[in-house]
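Coordinates in review
For reference, the chains in residue letters:
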Amino acid sequence: MTPVEIDVQRPKGDEGGGRRHPNTCPECRSHYREDELRHALRVCAQCGHHFSVGAYERIEQLTDPGSFVEVGGDLRSVDPLAFVDLRPYTDRLLDAELATGLGDSMVAGQGRIVGRPTALAVMDFAFMGGSMGSVMGERFCLAADLAIEQGMPLIAVTASGGARMQENILALMQMAKTVGAVDDLREHGIPYISVLTHPTTGGVIASFAALGDVVIAEPGALLSFAGPRVVEQTTGEKTSADFGRAESNLRLGQLDSVVPRRALRSELAKLLMLFSPAEEEPTGDHAPPPPPSERAGLGPAERVRNLLRLRGRRG
Amino acid sequence: MVRVTDEVRRLRRRFQERAEESHIWEAVQLARHADRPYTLDYAERLFSDAFELRGDRAFNDDEALITLLARYHGQTVVAIGHQKGRDLSERTRRMFGMPHPEGYRKAIRAVDLAQRFGYPILTFVDTPGAYPGVNAEERGQAGMIARSILAFCQATVPVVATIIGEGGSGGALAIAVGDKVLMQENSIYSVISPEGCAAILWKDSGQAKKAAYAFRPTARACLDLGVIDRIVEEPHGGAHTDPAAAATFLDEALRQALSDAEQIPAAERRAARRAKFRQMGVWGVVDDGSTEAV
């Protein structure tokens with residue numbers, strides 16, 4: 001009866017047998033070369049479908065080149081329960097690391113976004129369904145520690161099926177541990193921005209992911225505690241096509257904004273600016289935009305003349 | 001000769017595994033026993049006076065989670081617990097102890113009240129999990145669980161949580177972040193139900209017994225992993241065989257835990273509770289290609 005932690009609806013293109021190539025759009029079946037798709041931020045040029053983005057690629061998309069420094073990269077899961085299902089947990093971990101090049105489902109560190117420093121905690125769904133275990137929990141806390149030490153905001157980008165069953169109760173405790181880190185941020189007055197991407201479900205959405213001072217999501221992302229299949233199987237209720245989607249969550253008051261991936265970096269830069277103290281100026285490669293009057297190259301007198309002319313024309 | 005010895009050793013090990021598998025499954029069944037004492041049964045025996053605080057002041061009153069203002073050994077406390085039902089109509093009314101977001105909102109309200117008056121909080125955890133329905137999702141189940149965990153993190157009053165039956169997933173943890181966490185001997189605490197785990201990893205919910213063996217939801221395992229502070233004894237055969245005796249054991253453990261929790265200065269309690277949960281987890285550090293547990 002417990003909500004199943006890892007339950008991700010397969011994209012439409014997967015129905016009816018036959019494996020879909022990862023670079024084929026599940027919505028409109030357009031196919032892309034790897035470099036094309038990467039260049040397009042993994043957004044389908046035809047229909048706007050947002051493909052999954054790996055943690056390092058996401059960091060590359062969001063941060064200024066060369067600015068990212070990782071913390072906790074040397075942490076690895078061990079197998080506290082000697083867990084074996086159809087395969088040993090240690091085998092699954094090894095496979096996941098070989099397939100993704102990641103040590104766990106989250107990469108933590110700090111970088112700059114349009115010149116502004118920020119701590120980052122970015123998840124990768126490809127590593128065991130982005131599941132949350134001891135290493136992920138510790139990495140999130142390390143990112144929060146960095147934010148507090150250096151007085152900079154924390155941005156989390158989530159993609160997860162939920163807690164990692166192979167670590168059972170220790171995985172569940174990561175919910176308390178990560179929320180504790182959010183409490184720490186709040187006590188220190190550190191802004192925390194949560195970016196939810198497809199899918200963010202189970203123990204991750206029910207802990208740190210839901211607690212951003214600002215919560216934004218990518219279009220079409222499934223964001224729910226229990227996935228649609230679990231809801232249907234346990235309660236017998238039917239779920240609609242937009243069940244748990246980012247757009248529904250926005251309508252129901254669970255989110256601040258749904259932001260397309262192309263606009264994500266600039267939206268985050270704007271939020272970092274808004275959360276920064278009044279006198280601080282960005283230190284990086286981008287100077288702040290000049291005031292509109294300067295941009296137009298007009299002095300106050302000319303602006304008044306223009307205004308009068310405009311009014312005269314209308315009157 | 002050697003081969004026979006190996007065979008015997010293997011059989012012995014298999015025999016031990018089978019015994020442990022049965023033992024773990026027995027705890028799962030006892031934790032779910034229809035006659036097991038629930039939160040209100042303990043409240044009746046532990047508290048001299050109690051007043052039920054109902055409603056979340058926003059939407060409705062979720063009867064799967066109850067909150068009480070109560071007198072415990074001469075001191076006013078706030079009690080928060082999941083509540084299952086005894087007969088079919090009560091079970092339906094109480095949704096088998098599976099709260100909607102309103103339930104957690106009510107819990108947050110109770111934590112806030114305790115905080116304002118400095119009353120200690122006692123929680124009683126007994127749920128298969130938060131209710132996984134369309135309405136619950138639409139009203140923000142995930143966010144409310146997260147906010148409930150946060151409310152418990154932020155409380156500066158003493159908090160003692162006890163798992164008295166099923167500690168199922170985030171729906172249980174939402175009210176289980178305490179300075180001291182206790183577990184009754186035959187209760188279980190896990191990230192997912194054994195059936196749910198089996199359905200996903202074994203692709204067959206009928207393998208629940210195997211799943212339970214693999215992920216060990218028992219009080220013993222939780223104590224060994226540093227997740228709980230103490231196992232609370234139950235009468236022989238389980239709490240349901242003698243609820244009065246079970247309540248006496250629980251009373252003794254709660255008094256002790258509460259007095260321990262009260263030792264922590266209020267100003268340090270929030271950071272101390274955070275630190276307690278921060279150290280939960282097991283991981284290694286890669287060093288020259290090998291992983292060493294820390």
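This one's a predicted model, so the numbers in the text were calculated from it and none came from an experiment.

**Looking at helix α2 (residues 55-62) of chain A**
Restricting attention to buried positions, one finds in α2 of chain A the residues A55, R58 and L62 of chain A. All buried residues of α2 of chain A project into a common sector of 60° when viewed along the axis, lining one side.

**Observations regarding the interface of chain B and chain A**
Across the contact, 55 residues belong to chain B and 58 residues belong to chain A. Looking at the side of chain B that touches chain A element by element, the count peaks at 9 residues for helix α6 (residues 141-154) of chain B. Its residues placed into classes, the side of chain B that touches chain A shows 35 nonpolar, 15 polar and 5 charged. The sheet contact formed by strand β2 (residues 75-77) of chain A and strand β9 (residues 283-287) of chain B spans 3 bridges and is antiparallel. Bridge pairing in β9 of chain B places L75 of chain A opposite V285 of chain B.

**Brief notes about the nonpolar core**
Grouped together as the largest cluster of nonpolar side chains are 167 residues, with contacts concentrated most on F140, A143, L154 and V179 of chain A together with I121 and I149 of chain B. Ranked by the residues each element gives to this core, the list is headed by helix α5 (residues 168-187) of chain A, at 11 residues. Each residue touching I121 of chain B, except ones within four places of it in the same chain, is listed here: V77, V78, I80, V111, A114, A155, V157 and V159 of chain B.

**A short note on the pairing of strand β3 (residues 75-82) of chain B**
All names here are of chain B. Of all 8 residues that make up β3, 6 are buried, and the element is covered over most of its length. Looking at chain direction, strand β2 (residues 65-72) and β3 are connected through 8 bridges and run antiparallel. Counterpart to L69 in the pairing with β3 is V78. Two strands pair when backbone bridges link them, and β3 and strand β4 (residues 121-127) are joined in this way by 4 bridges, in the parallel orientation. Paired with A79 across the strands is L122, a residue of β4.

**Focus: the pairing of strand β5 (residues 159-168) of chain B**
Residue and element names in this part refer to chain B. Counting buried positions along β5 yields 10 of 10 residues, so the element is predominantly enclosed. Sheet topology places β5 next to strand β6 (residues 180-184); 4 bridges connect them, and they run parallel. Each bridged residue has a counterpart across the sheet, and for I163 the counterpart in β6 is M183. In terms of strand pairing, β5 meets strand β7 (residues 188-190) through 3 bridges, oriented parallel. Directly across from G167, in β7, lies its bridge partner Y189.

**With respect to helix α4 (residues 101-117) of chain B**
Residue and element names in this part refer to chain B. Given a rise of 1.5 Å per residue, 17 residues ought to cover 24 Å, and the 25 Å separating the end C-alpha atoms of α4 matches this to within 8%. Restricting attention to buried positions, one finds in α4 the residues P101, E102, G103, Y104, R105, K106, A107, I108, A110, V111 and A114. Where α4 is buried, its residues contact β1 (49-53), β2, β3, β4, α5 (134-138) and α6. Directly beyond the C-terminal end of α4, a positive phi value near 70° is found at G118.

**Some points on the environment of V71 of chain A**
Mapped onto the elements, V71 of chain A comes out in strand β1 (residues 69-71). Separated by 37 residues in sequence, V71 of chain A and A108 of chain A place their C-alpha atoms 5.6 Å apart.

**Describing the domain arrangement of chain A**
Residues and elements named next belong to chain A. When the domains of chain A are assigned, the result is domain 1 (19-51) and domain 2 (53-276). Domain 1 puts 4 residues into the contact, and the matching count from domain 2 is 8 residues. Of the residues in the side of domain 1 that touches domain 2, the class split is 2 nonpolar, 1 polar and 1 charged.

Conventions used here
Residues numbered from 1 in each chain as written. Chains lettered and ligands numbered in written order. Predicted model: local features only at pLDDT ≥ 70, side-chain atom pairs only at ≥ 80, totals over all residues. Buried ≥ 20, exposed ≤ 12 C-beta atoms within 10 Å, placed from the backbone. Helix = DSSP H or I, 4+ residues; strand = E, 2+ residues; numbered from the N terminus. Arc of directions from axis to C-beta. Contact = placed C-beta atoms within 7 Å. Nonpolar A, V, L, I, M, F, W, Y, C, P; charged D, E, K, R; others polar. Pairing = 2+ DSSP bridges. Core = buried A, V, L, I, M, F, W, Y, C linked by C-beta atoms within 7 Å. Expected span 1.5 Å × (residues − 1). Domains from an automatic or database assignment.

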